[in-house]
Amino acid sequence: MPVLIVTERGSVILSSLSEQALSWQDLRPNLAVDAVNDPNADFFALQPRAVCAVQQFLQNNHRTLLVLKADDQSEYAPLLADYIRSQQAQDLVLSGVRYVVEQGDSFSFPTVSVEPAQSYEDNFAATQSVATALHTDHTRLFGAVRVHPGSQDIQLHPGLVHQLNNGVLILSVETLLAQFDLWIRLKHILTTKTFDWYALHPYKALPCDIPSCPLSLKVILLGNRTELAMFEELDEGLYSLADYAEIDSYFSVESAQKQQQWANFVVGYARARQLAQPTPDGLNRLYQLLVRESEDRDLINVSPLKLKEILTDTAALTAKSELSAVDFEQYFHAKSQQQGFLREQTYADILREQVYVATEGEIVGQINGLSVIEYPGTPLSFGEPSRISCIVQFGDGEVVDVERKNELAGNIHGKGIMIAEVCLANILDFPSQLPFSASIVFEQSYSEIDGDSASLASFCVLASALSDLPLPQSVAITGAIDQFGLVHSVGGVNDKIEGFFTICERRGLSGEQGVIIPSTVVSQLSLSEAVISAVKNGQFSIWTVDDVYQACEILFKRHLTEEENVTYTEENQPLSRVISRRIELRAEQQQRIGLWDLLFRKR
């Protein structure tokens, strides 16, 4: 599709969009790794912030609590425990106490005394340096006082806090939220460094006096952001006691060195757990597929749980001990097919024209926008083209967002439509009262929508309706704009492109079809092999734009506003001039009608 450029003589000619169209090499990132050079790399090699926080926490004897944001706690907790052990002394230092119980009889009460532990076999001696307890209760955490039902003998059973005296205990915030009294007692131990015995039942006393004992403990709490926010609401002074850091679920691979670190971790993780190992090309394909989730080529998911799932499922599907790029492609395709019933039904409705989406020809006031569909209860999201239409009538200046008017759209969507209206008025230098009324509709949309990614499409369809110039239906568009016409990033760009491409491919690729996206989302691209092959063969195009001016040049084959030193003809008038002429013509018609009405009434 052509674009206007200026020659030395000032005439306007048409040129190819090669500078704005992406080549097939731009559509997918590649890993700059030739081979694994450190197969023993562990997970915490990818966690510099968390490692620094844990090391400082272990070295500072005055800090007793560390809060770590962690999503996959069941996977992170044992890895964290192993890392802490590697930082501690090899030999466990004997510490803690032992309780000496003298049982009572019919003439005396039992007595309990405390003295320093003499060996590791002592009842309450510190026997561990680090332990995890993601699910726990009072007895396991703080121990218990038990009375034999027959002899009435007293037995003291140690809890984790006793066993880990001078050690590190890893707990889950989720458990403490469910049993907040656990935290109240634990916090008292951390602040006083003393353990006091309490009866679990509020109306029953201990069978005898049990002396307190000194207890030095470090606690690490793991929780996701939601859990940590709730926990802080319950204990507003949490971070006056605690240090804070995060175990990142994503790792930045912006440099070749960091990409090498990630590759080392994947292979090392697979070897340590005797899982199928990826080949070099398999690592590259795994990287390409994982960055789709983060929507950033420089950010990759390093969740051990997810990695284990992919490696084990791919090995089960292919029955191989070494996994190549083809194997990972097969796994992800099979998973997509397995979860894709609703997506296929949606595309089938479009192909059968139960939902009308044109992919060829030109229509005034109609454009294909792009959206991402998410159904509650299903893990798969997918892209779907949406027909956006606009009808203009010269009136009092109101632009009606039909979706928002009928409460089918959220506030962000409404904001995007308003920005598109204001942006057009600003560029065309309209007066404060717009000389037209318009309605913008997402056709055949019956569920709630939100987001501002359709604001660029709304701008273009509004310009089309005002100028009475057609838009190509073979091109879909996505992007968010500001009041000055700059195009900004949107999410789900891979799904959006592939959704429109799928419809075009099943109808037959013509070579004229393509998608317009913001230039800022190129770093998100990691497209399927089918899209890349079509772009490589010239059957499909992907254009990038920085502002509405470039988008209009692609769609209308003409400038949005007048350029200096350019000679225009009737065939290539800028949109602003076409729209102004239509408004002036309509105004003159209204004046004539008003004059005839006045004369008629006088008669």
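Residues numbered from 1 in each chain as written. Predicted model: local features only at pLDDT ≥ 70, side-chain atom pairs only at ≥ 80, totals over all residues. Heavy atoms only, no water.

**Student:** I would appreciate a short explanation of the environment of Leu182 in the present structure.
**Tutor:** Within the secondary structure, Leu182 is located in helix 6 (residues 180-192). Linking Leu182 and His138, residues 44 residues apart in sequence, is a C-alpha distance of 6.7 Å. Ignoring anything within four residues of it in the chain, the contact list for Leu182 reads Thr136, Asp137, His138, Leu141, Phe142, Thr175 and Leu176. (Helix = DSSP H or I, 4+ residues; strand = E, 2+ residues; numbered from the N terminus. Contact = heavy atoms within 4.5 Å.)

**Student:** Whenever I open this one, the state of the cysteines confuses me. Can you help?
**Tutor:** Throughout this description, disulfide means a covalent bond between two cysteine sulfur atoms. Taken as a whole and assessed by the stated rule, the structure comprises zero disulfides. Cys552 provides the cysteine sulfur closest to Cys460, a residue in no disulfide bond, and the two sulfurs are 4.7 Å apart. The class for Cys460 is buried, based on a relative accessible area of 0%. (Disulfide = S-S within 2.5 Å. Buried < 20%, exposed > 50% of the residue type's maximum accessible area, 1.4 Å probe, protein only.)

**Student:** I'm lost on the packing of aromatic side chains in this one. Help?
**Tutor:** The description of an aromatic ring pair uses the distance of the two centres, along with the angle that the planes make with each other. All told, the structure shown has 17 aromatic pairs when counted by the stated rule. Between Arg185 and the ring centre of Phe142, over which it is positioned, the NZ or CZ distance is 4.6 Å. A cation over an aromatic ring shows up here: Lys536 above the ring of Trp24, its NZ or CZ 4.4 Å from the ring centre. (Phe/Tyr/Trp six-rings, centres within 6.5 Å; stacked < 30°, edge-to-face > 60°. Lys NZ or Arg CZ within 6 Å of the ring centre and 35° of its normal.)

**Student:** Please clarify how empty space enclosed by the protein should be interpreted in this entry.
**Tutor:** If a probe the size of a water molecule is rolled over the atoms, the empty space left behind becomes visible. Under the definition given, this model contains three cavities of 30 Å³ or more. Approximately 50 Å³ is the volume found for the largest cavity. Around the largest cavity, the lining residues are Trp262, Phe265, Val266, Leu290, Asn301, Val302, Ser303, Lys306 and Leu307. Within the residue set of the lining of the largest cavity, elements represented by two or more residues are helix 9 (256-272) and helix 11 (304-318). Ranked by the residues each element gives to the lining of the largest cavity, the list is headed by helix 9, at three residues. Among the residues making up the lining of the largest cavity, the classes are represented as six nonpolar, two polar and one charged. Considering only enclosed or pocket space, the second largest cavity measures out at about 40 Å³ in volume. Lining the second largest cavity are Gln339, Leu342, Arg343, Tyr375, Thr378, Leu380 and Phe382. Of the residues contributing to the lining of the second largest cavity, the split by class is four nonpolar, two polar and one charged. (1 Å grid on protein atoms, 1.4 Å probe; cavity = no way out; pocket = protein on both sides within 12 Å on 5 of 7 lines; lining within 4 Å. Points joined across faces, edges and corners; volume = space filled by probe spheres on them. Nonpolar A, V, L, I, M, F, W, Y, C, P; charged D, E, K, R; others polar.)

**Student:** Quick question: what am I supposed to make of the packing of helix 9 against helix 10 (residues 280-294) here?
**Tutor:** One can describe the packing of helix 9 onto helix 10 by two numbers: an axis separation of 11 Å at closest approach and a directional angle of 105°. Overall, the two elements helix 9 and helix 10 adopt an arrangement that is roughly perpendicular. Along its contact with helix 9, which presents Gln259, Trp262, Ala263, Val266 and Val267, the element helix 10 presents Leu283, Leu286, Tyr287 and Leu290. Classifying every residue of the contact of helix 9 with helix 10 gives eight nonpolar, one polar and no charged. (Axes fitted to C-alpha atoms, helices over the stretch in contact; angles between N-to-C directions. Parallel < 35°, antiparallel > 145°, perpendicular 65-115°, else oblique.)

**Student:** Sorry, what's going on with the sheet that holds strand 3 (residues 65-69) here?
**Tutor:** Note on sheets: strands pair through backbone hydrogen bonds, and any given pair is parallel or antiparallel. Read across the open sheet, the five strands follow the order 6-9-12-3-13; overall the sheet is parallel. Edge strands, defined here as strands with exactly one partner in the open sheet, are strand 6 (130-133) and strand 13 (242-246). Pairs of neighbouring strands in the sheet enclose a mean axial angle of 20°, with direction left out of account. Pairing geometry for strand 3 and strand 13, over five bridges, is parallel. By the bridge assignment for strand 13, Leu65 is matched with Ala242. Along the sheet face, helix 1 (residues 48-59) touches strand 3, strand 9 (168-172), strand 12 (218-223) and strand 13 and points at about 170° away from the line of strand 3. (Pairing = 2+ DSSP bridges.)

**Student:** Got a minute to help me understand the layout of surface pockets in this structure?
**Tutor:** Its boundaries defined by the atoms lining it, the second largest pocket holds a volume of some 510 Å³. Lining of the second largest pocket is provided by 22 residues; of these, Gln88, Ser129, Asn166, Gly167 and Val168 occupy positions nearest its centre. By residue class, the composition of the lining of the second largest pocket is seven nonpolar, eleven polar and four charged.

**Student:** Before we go on, may I ask you to explain helix 11 in this structure?
**Tutor:** Each α-helix winds once per 3.6 residues, and so residues spaced three or four apart point in a common direction. The terminal C-alpha atoms of helix 11, which comprises 15 residues, lie 21 Å apart, in line with the 21 Å expected from a rise of 1.5 Å per residue. Taken together, the buried positions of helix 11 are Pro304, Leu307, Ile310, Leu311, Thr314, Ala315 and Thr318. The buried residues of helix 11 all sit within an arc of 130° when viewed along its axis, so they share a single face. Where the residues of helix 11 are buried, they touch helix 2 (73-87), helix 9, strand 15 (277-278), helix 10, strand 17 (322-323) and helix 12 (325-339). Looking one or two places after helix 11, you find Ala319, whose phi comes out positive at around 55°. (Expected span 1.5 Å × (residues − 1). Arc of directions from axis to C-beta.)

**Student:** What should I look at first to understand the nonpolar core in this one?
**Tutor:** Proteins that are soluble and globular tend to have nonpolar side chains buried together. In this structure, Leu68, Leu80, Ile84, Ile220, Leu222, Trp262 and Ile300 are the most contacted members of the largest nonpolar core, which totals 55 residues. Not counting chain neighbours up to four residues away, the residues in contact with Ile220 comprise Phe57, Leu66, Leu68, Leu80, Ile84, Val168, Leu169, Ile170 and Leu171. Core analysis: the next-biggest nonpolar cluster, separate from the first, contains 46 residues, Leu469, Ile516, Ile554 and Leu560 among them. (Core = buried A, V, L, I, M, F, W, Y, C linked by side-chain atoms within 4.5 Å.)

**Student:** Would you mind showing me how to read the confidence of the model for the chain here?
**Tutor:** The predicted coordinates should not be examined in detail at positions where pLDDT is low. When the pLDDT values of the chain are averaged, the result is 86; 90% of them are 70 or greater. Low pLDDT (under 50) marks residues 1-16, which in the prediction has 43 contacts with non-local residues, meaning those over four places away or in another chain. (pLDDT = per-residue confidence, 0-100.)

**Student:** Just to check I follow, could you spell out the pairing of strand 9 for this structure?
**Tutor:** Along any regular strand, the residues point their side chains to alternate faces of the sheet. Burial of strand 9 is extensive: five of the five residues sit out of reach of the surface. Side-chain alternation along strand 9 places Val168, Ile170 and Ser172 on one buried face and Leu169 and Leu171 on a second face that is also buried. Here strand 6 runs beside strand 9; their pairing, made up of four bridges, is parallel. Across the sheet, Ala131 pairs through a bridge with Leu169, a residue of strand 9. With five bridges connecting them, strand 9 and strand 12 associate as parallel partners. In the sheet register, Val168 faces strand 12, and the bridge partner there is Lys218.

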